[in-house]
Amino acid sequence: MIVVDDLSVSYGAVRALQSVSFEAPSGEITAVLGANGAGKTTLLRTISGLVAPLSGTVRKDDEVLTGRKTEDIVRLGVAHVPEGRGVIAEFTVEENLRLGFMIAQGSLPDALAEQYEMFPVLGERRRQAAATLSGGERQMLAMARALIARPSVLLLDEPSLGLAPLVTAQLMQQIRDLCAKESLTVVLVEQNASSALRIAQRAVVLRVGVVVANDSAVAVRDDENLRQYYLGMVE
Amino acid sequence: MDAFLTSRNVSDVLGGLASGVIYALVALSLVLIWRSTRMLNFAQGAMAVFATYIGFAILAPSTNYWVSMAVAIVAGLVLGGATERVLVRRLYGKPEINPIVAMVGLLLVLESVAAAIWSTSSRPLATPFSIVDWQLNHKPMALSPFAVYEIVTSLVVMAIVAALFQYTKLGLQLRAAALAPEVSRLLGVRVSRMLTIGWMLSTAVGAVTAVLVASNFFTGLTPSGMDGVFAFGFIAAAIGGLDSPVGAMVSGLALGVVFQFVGDYVNSNAIILVALGMLIVSLMVRPSGVFTRSAQRRV
Amino acid sequence: MERIVGSRLSVGLSVTAVVAVIVVVLSSSTRLAVALALGVAVLGVGATFVSLTAVRRDHPVATRALISVIVIDLAIFLTFRVSATSNSNVAIGAAMAIVLLGLSFLTGSSGQISLGNGAFMGVGAFTVGIWAEHHPTTPLVAVLVLATLAGALVGLVLGIPATRLRGPYLAGMTLAFAVAFGAILNMFSSWTGGDSGLQLPTAVVAPHWLASFFGPTASSLTTSSAWLADISIVVTGVALFLMANLFASRIGRAMRLVRDNDVAAELVGVSLPRARVIAFTVSAAYAALGGALWTLINNSVSPSTYSFVLSITILSLVVIGGIGTIPGAIMGGIIYAFSTGAISWLTAHLGLNPQGNVASQLDGIIFGGLLVITILFAPLGIAGLVRHGWRWWRRARPTGIVQ
């Protein structure tokens, strides 16, 4: 479980997040929605320690994450797949996975085999440079690289960006299955609100750094105002 | 066969390889730092010389060569790490001339301090192998036991560095930290530690290089003894591509051979002019380096 | 407004007249009195006009010319009054200021750095030496122009490839040039005199009419050292005037655009590589001019002077003084003029053996250390600190004037 409490972040004079509070329970997907510049990416970067907040705290279960280094937060089981996936293009598929396994315990071959089973296409391309993968394959690699260290929290930043609708649908399904199977806490940042709300249990809507809704995904989906003014979902 | 091995051209190739491995090592240690921090370490030669003085001038002259070499390598590791922690760390994200100026300042300080402690006069190092060329049918072969040792040592150092980067967990993290620092942090790589380790490694490679250069009978160890070698190493790295370790090493070897021919057939003073000319031509034709695949650099 | 101008003019000119009269009365000989009065008049009138906002605003070129003349005038006064050693330091320092102006322009306008300006100085220095050997009667000005052009030519050849690229290439290539310079001189040792260098066939002395004007009573004014210092100062003043105009010109402003933002500069139509090549060529030419003066001052040129260490010293001076600015370059020249004296004072006070290893390396340790400290903690050097302090002082002190 991730608990964000009264979090404020600013870049110089610009306030990016203003007193943001919400809870993301284990075994559920919490979608963070909002327009460009609403502060969604900043929120994830603050949770994983890349950005220091002005005030407020982030907790994972009983541990306070705020004030820790990114490298240590990751070791507490918080995996962050950044915007643009962050696959190292010059590395092979397997090297990317080996890098992801670095902080984990246990046997590397077993862990690799497990991921290749879950994402068979990665197994086929294990010796290929990540640069040669398609967008969807890269997203799978990024997910596999995050999961190989067996995290308990998964932060996903715009996983559907640049993917075809069919691929996005498959990806969303995979995220939902994973979340249920591993009892993960998933925080899913999405611009594509409709596909995110389809799999999420909870939803937080941000507007220029302020939480305007924090409710079940169903409630957010059915709120006509939110859909029109903040999510840009017009039927 | 004997006549072939002692012929002028073969001699030039052999002699060229012996100096080429040195340029290749300098180029390699520059590339190691360039890839991770986008800085050209202008103090590389001075740092290497300083480490060599620690290994060979602080210890008693009778100290075993290999002990001194080991001390010099350790001194290189310490000096490189300390430089990154104390000086280089404050220069990340600054305009590109700031690190250049700072490293040139460090170069001047290190060379002056070395000269203040150990004087500017050349200090001959005892060599473990003879520097007298082998004879074949009473003709010299342009290859001495020392030259063989020099070539083998350099190749071993390059192989160790390559294996470290390619096959170890540390190497994986070093490469990742250089290519994508933020992503690496998100995967738990301690990037700032990797930068320190990169500088340590580079300076240790430099220390081996400086020991080899100074062991050479003709030069000996002097505070500014690596200035010229550094210039050739930079030219090799720039021609091969500052982003390409393999390119840097290959072009270092090639330059060594070319220079040997120029020195033999033209004039030893002409070598540096030829080197400058080659650098100019290569920067005009392939600005990102001969061995760099993508031309991503902005012109 | 008119009244302010009028009153300031009359006050300035009256003060000038009074000081000139006092100087004349106190002078020991008529001829000295004439010279001093002339100097005071130039200084007073110049300063009066420069102090007028209207003049500074409407006649920028004339203002820069007046400032240069004032600087020359003041410095020449100085050379009348100090010892031969000090004069030779002033001459050397003034020539160094020219070199620093060039490097400062390169960095200030294009954001790039050269590590080879010591070698470019050498190009100018040896041009003078070689030329004087074959044509000893060539006028001084022609020799200096020739040396400057030689520096510009070499700068152009190296600058065209190196300045095309961003990054450490220009620095690396100029470093290679600086390190190689000794070998290059050796290659042409039949011209350059090899390791021993060249001796000028005749020393530079004050022209006969000037020496005879002052007569025996004031011969110190025309001693060789004072005369060389005066030449150095006048040339530096002219170089300063040209550089100030270059900094302010369209091309200077365009180059600062290049430094701050490549893309913006491309949009407004500045050809980036050409702007950088010009900046580099100018810096090489200025370095050569400084080196040419050094040959005249020393009456000889030796290859060991133009080592790699000199190039680093030049970099240190320009960074410590304040990189990218004219006052910073002048400051660097002043530091250089005093550095020899300061370091021997330090050697004596630290109780070091003047012939020892430590004493001989003290300058390198100090310059290198200051270089690192400056770039870490005050990257704009003394000029930057002064400007910062001045602003802080003006803000801290409330004034009645609304800006």
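Nothing here was measured: the structure is a model prediction, and the numbers come from that model. (Residues numbered from 1 in each chain as written. Chains lettered and ligands numbered in written order. Predicted model: local features only at pLDDT ≥ 70, side-chain atom pairs only at ≥ 80, totals over all residues. Heavy atoms only, no water.)

Undergrad: Hey, could you run me through the sheet that holds strand E4 (residues 55-60) of chain A in this one?
TA: Adjacent strands of a sheet pair through backbone hydrogen bonds, lying either parallel or antiparallel. Residues and elements named next belong to chain A. Read from one edge to the other, the open sheet built from four strands follows the order E2-E1-E4-E5, with strand pairing classed as antiparallel. The sheet is open, and its two borders are formed by strand E2 (14-24) and strand E5 (63-64), each paired with just one other strand. Looking at chain direction, strand E1 (residues 2-11) and E2 are connected through seven bridges and run antiparallel. Counted as the bridge partner of Val4 is Phe22 from E2. Sheet contacts for helix H1 (residues 40-47): E1, E2 and E4; angle to E1, the most-contacted strand, approximately 115°. (Pairing = 2+ DSSP bridges. Helix = DSSP H or I, 4+ residues; strand = E, 2+ residues; numbered from the N terminus. Contact = heavy atoms within 4.5 Å. Axes fitted to C-alpha atoms, helices over the stretch in contact; angles between N-to-C directions.)

Undergrad: Hey, could you run me through the nonpolar core in this one?
TA: Most often, soluble globular proteins keep nonpolar side chains buried together rather than apart. Phe42(B), Met96(C), Phe177(C), Leu293(C), Trp294(C), Tyr306(C) and Leu315(C) are the most contacted members of the largest nonpolar core, which totals 205 residues. For Phe177(C), the residues in contact, after removing those within four places along its chain, are Leu276(B), Gly116(C), Ala119(C), Phe120(C), Val123(C), Val154(C), Leu158(C) and Ile184(C). Counting 48 residues, the second-largest nonpolar core is a separate cluster that includes Ala111(A), Leu122(A), Leu184(A) and Ala213(A). (Core = buried A, V, L, I, M, F, W, Y, C linked by side-chain atoms within 4.5 Å. Buried < 20%, exposed > 50% of the residue type's maximum accessible area, 1.4 Å probe, protein only.)

Undergrad: Even after reading the chapter, I still don't get the interface of chain C and chain B, so can you show me in this structure?
TA: Where interface size is given, it is often the accessible area lost as the parts come together that is meant. Each side of the interface is counted separately: chain C has 49 residues, and chain B has 48 residues. A buried area of about 4,100 Å², summed over both sides, lies between chain C and chain B, and 79% of it is on carbon and sulfur atoms. The tally of links from chain C across to chain B stands at zero residue pairs in polar contact (both at pLDDT 80 or more). Within the residue set of the side of chain C that touches chain B, elements represented by two or more residues are helix H7 (140-162), helix H8 (169-187), helix H13 (262-267), helix H15 (308-321) and helix H17 (357-377) of chain C. (Buried area = accessible area lost by both parts, 1.4 Å probe. Polar contact = N/O pair within 3.5 Å; in protein donor to acceptor, adjacent residues only side chain to side chain.)

Undergrad: Looking at this model, I keep getting lost on the packing of aromatic side chains. Mind explaining?
TA: The geometry of an aromatic ring pair is captured by the separation of the ring centres together with the interplanar angle, meaning the angle of the planes. Residues and elements named next belong to chain B. For the structure shown, the criterion picks out 21 aromatic pairs over all chains. Taken together, Phe56, Tyr65, Trp66, Phe129, Phe146 and Tyr149 form an aromatic cluster joined through their ring pairs. Cation over ring: Arg8 sits above Tyr265, and NZ or CZ is 3.9 Å from the ring centre. (Phe/Tyr/Trp six-rings, centres within 6.5 Å; stacked < 30°, edge-to-face > 60°. Lys NZ or Arg CZ within 6 Å of the ring centre and 35° of its normal.)

Undergrad: Would you explain the confidence of the model for chain A in this entry?
TA: Looking at chain A as a whole, the pLDDT averages 90, with 97% of positions reaching at least 70. Put simply, helix H10 (residues 224-230) of chain A is where chain A has its lowest mean pLDDT, 77, and helix H3 (residues 93-101) of chain A is where it has its highest, 95. (pLDDT = per-residue confidence, 0-100.)

Undergrad: Would you mind going over the interface of chain A and chain B with me for this structure?
TA: At the interface, 22 residues of chain A touch 19 residues of chain B. Carbon and sulfur atoms make up 62% of the surface buried where chain A meets chain B, a total of about 2,000 Å² over both sides. Three residues, Glu71(A), Leu99(A) and Met102(A), lead the burial of chain A against chain B; their summed loss comes to 29% of the area buried on that side. Only helix H2 (70-75) and H3 of chain A provide two or more residues apiece to the side of chain A that touches chain B. Counting residues per element, the side of chain A that touches chain B draws most heavily on H2(A), which supplies five residues. The class makeup of the residues in the side of chain A that touches chain B is eight nonpolar, six polar and eight charged. (Nonpolar A, V, L, I, M, F, W, Y, C, P; charged D, E, K, R; others polar.)

Undergrad: Would you mind showing me how to read the pairing of strand E7 (residues 153-157) of chain A here?
TA: Taken residue by residue, a regular strand's side chains alternate between the two faces of the sheet. Residue and element names in this part refer to chain A. Of all five residues in E7, five are buried, a share of seventy percent or more. Across the two faces of E7 the burial is the same, with Val153, Leu155 and Asp157 and Leu154 and Leu156 all buried. Pairing geometry for strand E6 (residues 78-81) and E7, over four bridges, is parallel. For His80, the partnering residue across the bridge sits in E7 and is Leu155. Pairing of E7 with strand E8 (residues 185-190) involves five bridges; the strand directions are parallel. From the neighbouring strand, Leu154 faces E8, where its bridge partner is Val186.

Undergrad: Looking at this model, I keep getting lost on the sheet that holds E7(A). Mind explaining?
TA: Residue and element names in this part refer to chain A. On the basis of which strands lie adjacent, the open sheet formed by six strands has the order E6-E7-E8-E3-E9-E10 and mixed pairing. The open sheet has two edge strands, E6 and strand E10 (210-216), and neither has a second partner. Ignoring strand direction, the axes of neighbouring strands in this sheet form an average angle of 15°. Of the strands in this sheet, strand E3 (29-33), E6, E7, E8 and strand E9 (202-207) touch H1, which is tilted by about 150° from E7. Lying on the sheet, helix H7 (residues 165-182) is in contact with E3, E7 and E8; it crosses E8 at an angle near 160°.

Undergrad: Can you walk me through the pattern of salt bridges in this structure?
TA: Two side chains of opposite charge can pair, provided their charged atoms sit close to one another. In this structure the tally under the stated criterion is 15 salt bridges over all chains. Arg190(B) serves as the salt-bridge partner of Asp72(A), at 2.9 Å between the closest nitrogen and oxygen. Of this pair, Asp72(A) sits in helix H2 while Arg190(B) sits in the loop between helix H8 (181-186) and helix H9 (191-215), which puts the two residues in different chains. Overall, Asp72(A) belongs to the partly exposed group, its relative accessible area being 26%. Close ionic contact of Glu182(A) with Lys181(A) constitutes a salt bridge, the shortest N to O distance being 4.0 Å. A residue is classified by how much of its surface remains accessible, and Glu182(A), at 31% relative accessible area, is partly exposed. A relative accessible area of 62% places Lys181(A) in the exposed class. Because the salt bridges share partners, they merge into one network encompassing Glu114(A), Arg150(A), Lys181(A) and Glu182(A). (Salt bridge = Lys/Arg side-chain N within 4 Å of Asp/Glu carboxyl O.)

Undergrad: Would you take a moment to explain H9(B) for this structure?
TA: A turn of α-helix holds 3.6 residues, and therefore any two residues three or four places apart point the same way. End to end, H9(B) covers 36 Å across 25 residues, agreeing with the expected 36 Å (1.5 Å per residue, within 8%). With 21 of 25 residues buried, H9(B) is to be regarded as a mostly interior element. (Expected span 1.5 Å × (residues − 1).)

Undergrad: Would you explain the environment of Thr168(A) in this entry?
TA: Residues and elements named next belong to chain A. Relative to the elements of secondary structure, Thr168 occurs in helix H7. With 24 residues separating them in the primary sequence, Thr168 and Asn192 have C-alpha atoms 9.8 Å apart. With residues near it in sequence (within four places) discarded, Thr168 still touches Ser160, Leu163, Asn192 and Ser195.

Undergrad: What is the right way to look at the side chain of Asp12(B) in this model?
TA: Residues and elements named next belong to chain B. For Asp12, the location among the structural elements is in helix H2 (residues 8-37). With no salt bridge to any partner, buried Asp12 finds its closest opposite charge in Arg8, at an N-O distance of 4.8 Å. Contacts of Asp12, omitting those with residues within four sequence positions, involve Gln260, Phe261, Asp264 and Tyr265. (Lys, Arg positive; Asp, Glu negative; His and termini not counted.)

Undergrad: So what exactly am I meant to see when it comes to the environment of Asp58(C) here?
TA: Residues and elements named next belong to chain C. The residue Asp58 is located in helix H3 (residues 53-58) in this model. In this structure Asp58 comes out as partly exposed when scored by relative accessible area, which is 46%. A polar contact of 3.3 Å, which involves the side chain of Asp58, links it to the side chain of Arg57.

Undergrad: What's the story with the pairing of E9(A) in this structure? I'm lost.
TA: Residue and element names in this part refer to chain A. Pairing analysis gives four bridges linking E3 to E9, with the strands arranged parallel. Bridging from a neighbouring strand, Val32 pairs with Val204 of E9. The sheet contact formed by E9 and E10 spans six bridges and is antiparallel. Within E10, the residue paired with Arg202 across the bridge is Ser216. Linking E9 back to E10 in an antiparallel pair, the connection comprises two residues, with Val208 at a positive phi of about 35°.

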